[in-house]
Amino acid sequence: MSASAMDVSRFGMARPGFETDSENWPPNVKAAHQKPSPTSAHLGLALLAVNRDGGIVEMAFNADDKLCNKWGGIQGGNVAAMLDDAMAFAIGLNLDWGQISPTLELKVSMLAPARPGRLYAVGQVVRRGRSVGFVEGQLYDGAGQLLATGSSTANFVTLKKREMK
């Protein structure tokens, strides 16, 4: 492992500030973990740990060959979707029940090819305002090599209950 590699073996491990028991996660994060979106399920998302106070999530993706381009690498749009999931879960840690955080802007930098297997992501809130939040994310391979980074701007929306007629 190089000096700049992330120690992904600690992801999902109990340590100060990080909660690994999904029963203790915020209700909206717990609900999304229990019933992931079809896209998250397709990417092989597994939420590992959350740090609500720090605005940090750790997750893994069990990336299979269905996510690859014809050269055997994970297609860039799927890498972007993984980072979008990590950043969305991070910003979602402190949303009220019934709020969502649609992505307004997303930037991804591909640093090395992502290959099938277990990949790890971190999402962290950089700044949160009343109606907009700024988030960053990183994606690593199983050896801790940084594969891609991302930044995102999210809007906070409160869903209205549907009126019955």
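See above for the structure.
So, here is what we can say about the structure in this document. (Residues numbered from 1 in each chain as written. Predicted model: local features only at pLDDT ≥ 70, side-chain atom pairs only at ≥ 80, totals over all residues. Heavy atoms only, no water.)

Comments concerning the overall build of the protein chain
From N to C terminus, the protein chain includes three helices and eight strands. Secondary structure of the protein chain in N-to-C order comes out as α-α-β-β-α-β-β-β-β-β-β. On C-alpha atoms alone, the protein chain measures out to a radius of gyration of 16 Å, which is about the 15 Å that the 2.2 N^0.38 rule sets for 165 residues. Dimensions of the protein chain, computed from C-alpha atoms along their principal axes, come out at roughly 55 × 40 × 25 Å. When burial is assessed residue by residue, the protein chain has 41% of its 165 residues classed as buried. Sequence separation of at least 24 residues holds for 66% of the intrachain contacts in the protein chain that already meet a minimum separation of 6. Split by element, the accessible area of the protein chain, about 9,300 Å² in all, is 52% carbon and sulfur. Positive and negative side-chain charges of the protein chain, numbering 17 and 15 respectively, have mean locations separated by a distance of 7 Å. (Helix = DSSP H or I, 4+ residues; strand = E, 2+ residues; numbered from the N terminus. Rg over C-alpha atoms; globule rule 2.2 N^0.38 Å. Buried < 20%, exposed > 50% of the residue type's maximum accessible area, 1.4 Å probe, protein only. Contact = heavy atoms within 4.5 Å. Areas by Shrake-Rupley, 256 points an atom, 1.4 Å probe, with all protein chains shown as cover. Lys, Arg positive; Asp, Glu negative; His and termini not counted. Charge placed at Lys NZ, Arg CZ, Asp CG, Glu CD.)

Here we look at the pattern of salt bridges
For side chains of opposite charge, pairing can occur when their charged atoms come near one another. The tally for this structure, following the rule as stated, stands at four salt bridges. Glu 58 is the salt-bridge partner of Arg 10, the closest N and O atoms lying 3.2 Å from each other. You can see Arg 10 sitting in the segment before helix H1 (27-34) and its partner Glu 58 sitting in strand E2 (residues 56-63), a full 48 residues away along the chain. Linking Glu 58 and Arg 15 is a salt bridge whose minimum nitrogen-to-oxygen distance equals 2.2 Å. Here Glu 58 is found in strand E2, whereas its partner Arg 15 is found in the segment before H1, with 43 residues between them in sequence. Three or more residues joined by partner-sharing salt bridges are found here, namely Arg 10, Arg 15 and Glu 58. (Salt bridge = Lys/Arg side-chain N within 4 Å of Asp/Glu carboxyl O.)

That is the geometry; function is a separate question.
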